[in-house]
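# Residue-level structure breakdown
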Amino acid sequence: MRLVLKADRLIDGTGAVPVENAAVVVESGRITEVTTQDRIQTGERDDADTVTVPGGTLMPGFIEVHTHIHCSAQADAYRHITTESNETFLMRGVQAVRAALSSGVTTMRDLGSRNPVIFPLKQAVEDGIVPGPRMLVAGTPITTTGGHCNMFGTEADTSDEVVAAVRGQFKSGADWIKVMSTGGGFTPGTNVRAPQYPVETLKAAVQDAERLNLRVAAHCHASAGVRNCVDAGVHNLIHCSWLAEDPDELYDYDTDYADMIAEAGIYVDPTLALGRLNQLRGRVRPLGAPERDPARRFEILRDMWDRGVKFVTGMDAGMTNANFDDFAYIPQVMVEEMHIAPMEAIVCSTQTSADCLGVLDETGTLEVGKAADVLIVDGNPVEDITALHNVNSIVKQGAVVKREGELLI
Ligand SMILES: [Zn+2]
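At the metal site, the zinc ion is ligated by His-66 (NE2), His-68 (NE2) and Asp-316 (OD), and these contacts range over 2.1 to 2.2 Å. In the primary sequence, the donor residues of the zinc ion line up as H-x1-H-x247-D. One end of the pair, His-66, is in strand S5 (residues 62-67); the other, Asp-316, is in the loop between strand S14 (310-311) and helix H10 (329-337), with 250 residues separating them in the sequence. Judged by relative accessible area, which is 5%, Asp-316 ranks as buried.

Next up, the structure:
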């Protein structure tokens, strides 16, 4: 049966001017028409199922590039991850992917969850056993012995060990490789201001991943770690916090490297909405976590943007206060704090992030032939980016997940 979706306007995800009085026609899970309501060719038949949202906006499903499906997002997230069983993690994961899909995330990359949990969960979503977004997964992140997120399960120190770990993740079915190139705030005692790996080791990981047709996303807070990742040819920088080695300095932003990131087309996931969620929900800075200066941080991100760096939309969902249905805060913070245009933030959330993940042929924009991953939000997000919080209807690969406010999963 054909599905016809109608709303006051359509944003296709490419940054093109919105289409007024728009319609999208879906058949067998694919988009067959992107048009205006008066020009529908094939949809207006008696058997067409039609969803009409007056005042609404059609747009591509959100692409979330950074989750940890088995982390609890609660104040006790670290205690949970270090004490709970894989069975409990799996139940958390089922809830997480359902929450993400319910908020309009139709494609999601998990950037670090235990192998015995994430691979069966991905398969269960593909098999329709549990509802969730299309998933790309890294499995366990690769970290040093005792390093950031070592409790997830893959520790590797030397270049040979790291290459072996890349192959292990490939063998388990990973779509991406995640490397922890510096310490992280989530893991007490690891040093966020220092690299965990030298360039040579990261380079070995990147080369072996590329041989296997995989790409590498690297967690990096310290500036020295950011530089190592760029020099090693990492494909996707996570956080990219530019933290100085000296805590009194806070940041050590390197504009030469920012230009190199832009030039090389390396995608950056700055996880920039986390601070807002902590503000909203209240979180005391954990002992040992680095001081931050949010105003300076956003100034740096805006400078990177102006230099042409490609930003993608990751929440780091599962970390304290970052829930799996919080996606809309990412484009909202981009607009409110980086001061980019709503349309630019929407393109980051859809086309650019799909391109980063290597799935742009399949999703990320509303174009004929692509999978029908379509949202209708109430209102006009080009005028008010917070409209993205009000997802009225959700279609994932042609299946209606939410219809005129009613969740069907
Ligand atoms: Zn993370």
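Here we come to the nonpolar core. Generally speaking, soluble globular proteins have nonpolar side chains that are buried together. Counting residues in each nonpolar core, the largest one holds 101 residues, and the members touching the most others are Leu-237, Ile-261 and Met-304. The biggest single contributor to this core is helix H3 (residues 115-126), with 6 residues. Here this core spans two domains, and each of domain 1 (3-60 + 363-407) and domain 2 (62-327) adds at least three residues to it. Apart from the residues lying within four places of it in its own chain, the contact partners of Leu-237 are Ala-218, Cys-220, Val-226, Cys-229, Val-230, Ile-261, Ile-266, Tyr-267, Val-268 and Asp-269. Ala-22, Val-24, Leu-366 and Val-374 belong to the second-largest nonpolar core, a separate cluster that totals 16 residues.

Right, let's talk about the sheet that holds strand S7 (residues 134-137) for a bit. As summarised here, the arrangement of the 3 strands in space is S5-S6-S7, forming an open sheet in which the pairing is parallel. Looking along the sheet, the strands with just one partner apiece sit at the ends: S5 and S7. Between one strand axis and the next, the sheet turns by 15° as a mean value, whatever way the strands run. In this sheet, strand S6 (residues 105-110) lies alongside S5 in parallel orientation, the contact comprising 4 bridges. Across the sheet, the residue bridging to Phe-62 is Val-105, located in S6. Lying over the sheet, H3 contacts S6 and S7, oriented at roughly 160° with respect to S7.

Our next topic: the layout of surface pockets. Roughly 160 Å³ of internal volume is contained in the second largest pocket. Every residue lining the second largest pocket is listed: Ile-69, Cys-71, Ser-72, Ala-73, Gln-74, Arg-92, Gln-95, Ala-96, Ala-99, Asn-323, Phe-324 and Asp-325.

Taking 1.5 Å per residue, 13 residues should reach 18 Å; helix H5 (residues 199-211) reaches 18 Å between its end C-alpha atoms and fits that length. Of the positions making up H5, those classed as buried are Val-199, Thr-201, Leu-202, Ala-204, Ala-205, Val-206, Asp-208 and Ala-209. Close packing links the buried residues of H5 with helix H4 (159-172), strand S10 (176-180), strand S11 (215-222) and helix H6 (223-232). Two residues or fewer past H5, Asn-213 is found with a positive phi of approximately 65°.

Domains assigned within the chain are domain 1 (3-60 + 363-407) and domain 2 (62-327). The centre of domain 1, based on its C-alpha atoms, is set 31 Å off from the matching centre of domain 2. Contact residues are listed per partner, giving 16 residues for domain 1 and 13 residues for domain 2. Buried surface at the junction of domain 1 and domain 2, summed over both partners, amounts to about 1,000 Å²; 66% is from carbon and sulfur atoms. Linking domain 1 with domain 2 are 1 salt bridge. Between Asp-373 and Arg-134 there is a salt bridge whose closest N-O contact spans 2.7 Å. On inspection of domain 1 and its partner domain 2, the count reaches 2 residue pairs in polar contact (both at pLDDT 80 or more). Only strand S4 (49-60), strand S16 (391-396) and strand S17 (399-403) provide two or more residues apiece to the side of domain 1 that touches domain 2. In terms of residue count, S16 provides more of the side of domain 1 that touches domain 2 than any other element does, 4 residues in total. Considering only residue class, the side of domain 1 that touches domain 2 consists of 10 nonpolar, 3 polar and 3 charged.

Parameters and conventions
- Along each chain, numbering runs from 1 in the same order as the chain's sequence is written.
- Only residues with pLDDT of at least 70 are given local features in this predicted model, and only at 80 or more are side-chain atom pairs given and counted; all residues enter the totals for whole chains, interfaces and linings.
- Values reported for side chains reflect all heavy atoms of the structure, with hydrogen atoms and water molecules removed beforehand.
- For Na, K and Ca the donor cut-off is 3.2 Å, and for all other metals it is 2.8 Å, counting N, O and S atoms only; because water is absent from this set, sites may look incomplete.
- The way it works is that DSSP assigns letters per residue, a run of H or I at least four long becomes a helix, a run of E at least two long becomes a strand, and they are numbered from the N terminus.
- Throughout, exposure labels follow a simple rule: accessible area from a 1.4 Å probe, protein chains only, divided by the maximum for the residue type, with under 20% read as buried, over 50% as exposed, and the rest as partly exposed.
- Among buried residues, those of type Ala, Val, Leu, Ile, Met, Phe, Trp, Tyr and Cys that are joined through side-chain atoms within 4.5 Å constitute a nonpolar core.
- Each domain's extent was defined by an automatic or database domain assignment.
- Throughout, a residue-residue contact means that at least one pair of heavy atoms, one from each residue, lies within 4.5 Å.
- Paired strands, in this sense, are two strands between which DSSP finds at least two bridges.
- As a rule, the C-alpha atoms of each element are fitted with a line to give its axis, helices using only the stretch in contact, and angles between N-to-C directions run from 0 to 180 degrees.
- In this analysis, the protein atoms alone were mapped onto a 1 Å grid. Cavities are point sets where a 1.4 Å probe fits without being able to get out; pockets are open sets with protein on both sides within 12 Å along at least five of seven lines; lining residues have an atom within 4 Å of a point.
- Grid points are joined across faces, edges and corners, and a volume is the space filled by probe spheres set on the points.
- The span you would expect from a helix comes to 1.5 Å times its residue count less one.
- We define buried area as the total accessible area lost by two parts upon association, computed with a 1.4 Å probe and summed across both.
- Salt bridges are defined by distance alone: a side-chain nitrogen of Lys or Arg within 4 Å of a carboxyl oxygen of Asp or Glu.
- Counted as a polar contact is a pair of N or O atoms within 3.5 Å, where, for protein atoms, one must be capable of donating a hydrogen and the other of accepting one, and residues adjacent in sequence contribute only when both atoms are in side chains.
- When residues are grouped by polarity, Ala, Val, Leu, Ile, Met, Phe, Trp, Tyr, Cys and Pro land in nonpolar, Asp, Glu, Lys and Arg in charged, and all others, Gly among them, in polar.

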